[in-house]
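In case you want the letters, here they are:
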Amino acid sequence: MDHYPQIKDLMDRVYHDIGGAWEKTTIAKLIKDFPEGQIGIVDGDKLVGMALTVQVDYEQFSNPHTYDDLIGHRNQILNNAKGDAMYGLDVLIDPDYRGFRLGRRLYDARKELCRQYNLRAILAGGRIPNYHKHQDEMSPAEYIEKVDHKQIYDPILTFQLSNDFQVTRLLHKYLPEDEQSVGYATLLEWSNIFFTPEEAVLKTPRTTVRVGAVQWQMRSVSSAEELLSQVEYFVDTVSDYQSDFILFPEFFNAPLMGLADDDRQVEAIRYLAKFTELFRDKMSHMAVSYNTNIITGSMPLLEDDKIYNVSYLCRRDGTVGEQRKLHMTPHERWDWVMVGGDKLKVFDTDAGRIAILICYDCEFPELGRLLAEQDVEILFVPFWTDTKNGYLRVRHCSQARAIENECYVVIAGSVGNLPQVDSLDVQYAQSAVLTPSDFAFPHDAVLNEATPNTEMLLFSDLDLDKLKVLHNEGTVMNLKDRRLDLYQVHMPGMAVELDTPR
């Protein structure tokens, strides 16, 4: 309150056309009711800028209202201590200090306060003081649109739009004495993307997720049990590091094909399909026992005399989801006579919303875009490639999916030689965790990667909050900036299905 003489002087100079300063008792009540919301900038002992703010009920003030709805008896501004939003009353900068971006600093301080208090949004009734110059030639709505398109400059609205506020409606008779705005105002809103309702705190999803990827060594085995013991070794190790997910490669159990009596490829893949139900059930049991979600790489599934390439999500709550490979490679189609699935799945888990694209599927950008539209945060890509150029197709396309869809992509493949199995005699892989490309992420958009052609585990912590910031405040925002008026991705023969634990 020692600043009040300077507050009065500043408000009188800036608001000379709409009544000048608030009374001392009004400012005193603001400071008493919501001290953190009253923010000042001083140069030495001189007050050169300030922001005044109250707490309000979002539902009430996100709907039409007037400035008087904020004012009580004797010019007392009504602060709702239980309100779930902030309302920006005033932002003032000394005319001699303009041009130093001080207003932006005050807005940023408000945003940080909104996040700290876990409030839903910042609302504000914004004056449009240059509208009186154009009132005879255009409506307020047309004026706002032209300001938004930078065809007209408005000292207040232009500034608010540049600070990430959105105009949600036009307010009539908001401040009748505001002749420059002809009584109109914009209702502006800045949404707190980290807001969590109090009643949902216990159900709030994890913001940091740990993933483990297995770069799997292909080796000869004598039985399914021997191979399953290798699987359990990796699951056990990953669980020791408290990973939320473990990803195995495509066709990781292919060594079992070496046990088939018939060495013809089409018969060998059908022989391998006999083990799929066993592996799915055993790995589901491991997911529960070791408390981790397992993406089972992929395995052949025989159904109605057709062979599919299927990946299972074995959640640690015991539920199981599946994603079938949609696009068959020429080798799968001709040598193994496999067919593609017809469903694209999105999976809700206790550690985020995920999806699975098996190897070749990641090379079709339409699938990644459709998944992004369903808010997928982590995309898992189990792959099998025999040569480096084949691997690089998967790697580069997965990197593109991460950047264009603003999500994490985890890829895992197999290494080593398997000469006794036709067409699986060599493998090449460098498993990796890939990210979007912006300041919050590694400079090369690679969070982690394995040593090429070496059996190993890869662990990474994924910060899902960074994705939220990227979606709303990134250097570029690929998802927001799509021209849906020009193009959209449609699936006339297939819908994206949501798989939620029951």
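Residues numbered from 1 in each chain as written. Predicted model: local features only at pLDDT ≥ 70, side-chain atom pairs only at ≥ 80, totals over all residues. Heavy atoms only, no water.

A. View of the overall build of the chain. Each helix and strand in the chain was counted, giving 13 helices and 22 strands. Its C-alpha atoms give the chain a radius of gyration of 30 Å, clearly above 23 Å, the size a compact globule of 502 residues would have. With respect to the principal axes defined by its C-alpha atoms, the chain has extents near 95 × 50 × 40 Å. Once local pairs closer than 6 in sequence are excluded, the contacts in the chain between residues at least 24 apart make up 69%. When the 51 positive and 78 negative side-chain charges of the chain are each reduced to one mean point, those points stand 3 Å apart. (Helix = DSSP H or I, 4+ residues; strand = E, 2+ residues; numbered from the N terminus. Rg over C-alpha atoms; globule rule 2.2 N^0.38 Å. Contact = heavy atoms within 4.5 Å. Lys, Arg positive; Asp, Glu negative; His and termini not counted. Charge placed at Lys NZ, Arg CZ, Asp CG, Glu CD.)

B. Examining the state of the cysteines more closely. Summed over the entire model, instances satisfying the criterion amount to zero disulfides. Its sulfur unpaired, Cys-314 is 20 Å from the next cysteine sulfur, which belongs to Cys-359. (Disulfide = S-S within 2.5 Å.)

C. A negative patch on the surface, seen in detail. A cluster of acidic residues, Asp-263, Asp-335, Asp-386, Asp-422 and Asp-425, forms a negative patch on the protein surface. Position of Asp-263 relative to the elements: it lies in the loop between strand E8 (245–247) and helix H8 (265–273). (Patch = residues over 30% accessible without salt bridge, like charges linked within 9 Å, V, L, I, M, F, W, Y side chains within 5 Å. Areas by Shrake-Rupley, 256 points an atom, 1.4 Å probe, with all protein chains shown as cover. Salt bridge = Lys/Arg side-chain N within 4 Å of Asp/Glu carboxyl O.)

D. Molecular detail of helix H9 (residues 276–290). With 15 residues, H9 should reach 21 Å at 1.5 Å per residue; the first-to-last C-alpha distance of 21 Å fits that figure. Buried within H9 we find Thr-276, Phe-279, Met-283, Ser-284, Met-286 and Ala-287. The arc enclosing the buried residues of H9, seen along the axis, measures out at 160°, which places them on a common side. In H9, the exposed residues that point more than 90 degrees away from the buried face are Glu-277 and His-285. (Expected span 1.5 Å × (residues − 1). Buried < 20%, exposed > 50% of the residue type's maximum accessible area, 1.4 Å probe, protein only. Arc of directions from axis to C-beta.)

E. Region of interest: H8. Every buried residue belonging to H8 is among Gln-265, Ala-268, Ile-269, Leu-272 and Ala-273, and all of these are buried. Summarising the axial view, the buried residues of H8 lie within an arc of 145°, below the 170-degree limit, and thus occupy one face. If you follow the buried residues of H8, they end up packed against H9, strand E10 (299–303), strand E11 (306–314) and helix H10 (330–334).

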